[in-house]
Amino acid sequence: MRDTGVRAGTHDFVATRFLAKRESGGRTAWLEAGWAETGWSGSGRQRVYTYDTNRGQWTFYDQYELADGDQIWISVHTKRDGVWEAWLWWRGGWHLLTNQRLGTERAQLEQYVEVHVDGEGAIAVPRVAVDNVQVRDGNAVRYWREADVRTASGGGSGGYCLDWATRFDTWTAGSC
């Protein structure tokens, strides 16, 4: 993580997240977890967060104080009955952040860095690194590789670049 320079008092944000979502009957439900720096909350700090559509809100976990250059690990997965869980690896152990019923044991998974600018301007985003991303199919866990997991890929846009080291488990994104 690196300081992104999000402007205070705006709806600007930069978030690096993993997301599980399900679309059914015209409704999309999802659970996401990661870190974010927002203009509306947190005084410019990077914070662990979750967002879920059941509550329709961001939840920040200030007990996990992040500093520039920290690394965190996130796990978003289900074990039973369509209830998805978001976990954080922090200082030697896994910590449950939240859970949400998506109503399915299989979901579309996404990983990305999102940059939102409130109005005009741009945010200079230092390179954000993501590595060793793994997916689970039943009990089998494997790296998220292009040959093994059917994947659609987006690229950078609007002055932001995405660089793959290994599609799709190791990559960086940020300002070009």
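The notes below deal with the structure included here. (Residues numbered from 1 in each chain as written. Predicted model: local features only at pLDDT ≥ 70, side-chain atom pairs only at ≥ 80, totals over all residues. Heavy atoms only, no water.)

**Overview of the side chain of threonine 10**
Tracing the chain through its elements places threonine 10 in the segment before strand E1 (13-24). A distance of 2.7 Å separates a polar atom in the side chain of threonine 10 from the backbone oxygen of arginine 7. A distance of 3.0 Å separates a polar atom in the side chain of threonine 10 from the backbone nitrogen of aspartate 12. The residues contacting threonine 10, other than those within four sequence positions of it, are Gly39, Trp40 and Asp118. (Helix = DSSP H or I, 4+ residues; strand = E, 2+ residues; numbered from the N terminus. Polar contact = N/O pair within 3.5 Å; in protein donor to acceptor, adjacent residues only side chain to side chain. Contact = heavy atoms within 4.5 Å.)

**Some details on the sheet that holds strand E3 (residues 47-52)**
Taken in spatial order, the 5 strands of this open sheet run E4-E3-E2-E1-E8, and their pairing is antiparallel. Of all strands in the sheet, those with a lone pairing partner are strand E4 (57-65) and strand E8 (108-116), marking the two edges. With direction set aside, neighbouring strand axes in the sheet form an average angle of 20°. (Pairing = 2+ DSSP bridges. Axes fitted to C-alpha atoms, helices over the stretch in contact; angles between N-to-C directions.)

**Digging into the packing of aromatic side chains**
All told, the structure shown has 11 aromatic pairs when counted by the stated rule. What links up through ring pairs into an aromatic cluster is the set Phe13, Trp30, Trp40, Tyr49, Tyr51, Trp58 and Phe60. Against the face of phenylalanine 60 rests arginine 47, its NZ or CZ located 3.8 Å from the ring centre. (Phe/Tyr/Trp six-rings, centres within 6.5 Å; stacked < 30°, edge-to-face > 60°. Lys NZ or Arg CZ within 6 Å of the ring centre and 35° of its normal.)

**Points about the environment of valine 117**
Along the chain, the position of valine 117 falls in the loop between E8 and strand E9 (128-130). On the basis of relative accessible area, valine 117 is assigned to the buried category, the value being 19%. When the C-alpha atoms of valine 117 and alanine 173 are compared, they prove to be 17 Å apart, with 56 residues separating the residues in sequence. Valine 117 has contacts with Arg7, Asp12, Ala122 and Ile123, leaving out every residue within four places of it along the chain. (Buried < 20%, exposed > 50% of the residue type's maximum accessible area, 1.4 Å probe, protein only.)

**Some words on the environment of aspartate 52**
Looking at the secondary structure, you find aspartate 52 in strand E3. By relative accessible area, which is 1% here, aspartate 52 ends up buried. Between the alpha carbons of aspartate 52 and leucine 102 there is a distance of 9.8 Å; along the sequence they are 50 residues apart. Among the polar contacts made by the side chain of aspartate 52, one reaches the main-chain amide nitrogen of asparagine 54 at a distance of 3.0 Å.

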